[in-house]
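One-letter residues, chain by chain:
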Amino acid sequence: MSLVERSEPSWQFTRAITRRPGQSAVQGLRAVNTGAPDLAQMEADHAAYVALLRGTGAEVTVLDPLEEYPDALFVEDTALCLPEGAVLMRPGAPSRLGEVDHMAGPLSASYDRIARIEGPGFIEGGDILVTGREILVGLSARTDAAGAAELRDIVADWGHALRVVETPPGVLHFKTDSSLLDSGTILSTARLAASGCFDGYRVLIVPEGEEAAANLIRFNEAVIMAAGFPRTEGLLRAEGFDVRVVNNSECARLDGGMSCLSLRF
Ligand code: CIR
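Summarised in this report is the structure supplied together with it. As the structure is a prediction and not an experimental result, all values here were calculated from the model. (Residues numbered from 1 in each chain as written. Predicted model: local features only at pLDDT ≥ 70, side-chain atom pairs only at ≥ 80, totals over all residues. Heavy atoms only, no water.)

### Here we look at the site of the ligand
Threshold: One heavy atom suffices: a residue is near a molecule or strand as soon as one of its heavy atoms comes within 4 Å of it. Throughout this description, a polar contact denotes any pair of N or O atoms lying within 3.5 Å of each other; where both atoms belong to protein, one of them has to be capable of donating a hydrogen while the other can accept it, and for residues adjacent in sequence the pair is counted only when both atoms sit in side chains. In these tables, accessible area is a Shrake-Rupley quantity obtained with a 1.4 Å probe, and a residue counts as shielded only by the protein chains included in the view. Following the grouping adopted for this structure description, the nonpolar residues are Ala, Val, Leu, Ile, Met, Phe, Trp, Tyr, Cys and Pro, the charged ones are Asp, Glu, Lys and Arg, and the polar ones are all others, Gly among them.
Within the structure, the ligand sits among 13 residues, and Leu29, Asp71, Asp77, Leu254 and Cys260 are positioned closest to it. Between the ligand and Glu76, the relevant distance is 2.9 Å, taken from a nitrogen atom to a side-chain nitrogen or oxygen of the residue. The side chain of Arg96 places a nitrogen or oxygen atom 2.8 Å from an oxygen atom of the ligand. When the free accessible area of the ligand is taken as 350 Å², the share hidden by the protein chains comes to 99%. Partitioned by chemical class, the residues of the shell around the ligand number 5 nonpolar, 2 polar and 6 charged.

Below is the structure:
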């Protein structure tokens, strides 16, 4: 359980930060090459995503592209935003380390308190799920035990409990396979839930073959998910969630999903 009682659910936000993709996005990291992303489509999808965030009443900052960092549109990996403060991450992907400095300024517009993972460990925001009860950190190829331990020390001072869990082998981030739907409900792939990391939560399992739908965001009243996963969409609608769908075909070529594209606070 969280060490402090929170008045706002962890899926309620007034602000978000995003960054438009640059021309260099075609060189973004990917596990499997499925062809270069179509930049015009990616721009259009990004604009649609920002519109969905704004549609819930949130104030959304859209930063300019950073051409020297092809993956910079995936802003989630650069910071963790909590009510008490923000923490700048230390990405495990060497090509992404420099993105973090570019997030300090935008965050300082909203946060007085900004901490930083100094290392030697590594941690990326995609491996962190804030449920409201606790902060889950999945160890992965990008996030190691030292990075998680350094974050634990920072957030403990802010009253948050942090639990270290495992990301399934071959899965980029913990949240590639899981999302928060409401304060006690998680959407997860079967392979991740099988680890028992969500015991004590209500867990909805993504239908087989739609594993890529597991990365979505609950953003205020909206559940924002990638298009092309009709069974997951049907499951969520049947559960009463207010589902909004956006095309994600081009970011998916770079292993990016709905959570990666924003910092929410
Ligand atoms: C990367 O490999 O770092 C990017 N191409 C994708 C990052 C996706 N971020 C996320 O899931 N939080």
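Structure shown, so let's carry the discussion forward.
### A short note on the sheet that holds strand E8 (residues 162–166)
Note the following rule: Should DSSP find at least two bridges between two strands, the strands are taken to pair. Going along the chain from the N terminus, every DSSP run of H or I of four or more residues is numbered as a helix, and every run of E of two or more is numbered as a strand. In this description, a line fitted to the C-alpha atoms serves as the axis of each element, helices being fitted only across the stretch in contact, and the angle between N-to-C directions of two axes falls anywhere from 0 to 180 degrees.
Here we have 3 strands laid out as an open sheet, ordered E6-E7-E8, and mixed in their pairing. Edge strands, defined here as strands with exactly one partner in the open sheet, are strand E6 (128–130) and E8. Strand-to-strand twist of the sheet, defined as the mean angle between neighbouring strand axes without regard to direction, takes the value 25 degrees. Both E6 and strand E7 (residues 135–139) contribute to a ladder of 3 bridges, which runs antiparallel. Looking at the pairing, Val130 lines up with Ile135 of E7.

### Considerations on the sheet that holds strand E9 (residues 178–182)
Strand order in this open sheet of 3 strands is E9-E10-E11, and the pairing throughout is mixed. At either end of the open sheet lies a strand with only one pairing partner, and these are E9 and strand E11 (202–205). Strand-to-strand twist of the sheet, defined as the mean angle between neighbouring strand axes without regard to direction, takes the value 30 degrees. Judged from the 4 bridges that link them, E9 and strand E10 (residues 185–188) form a sheet pairing that is antiparallel. The residue of E10 that forms the bridge with Ser179 is Leu187.

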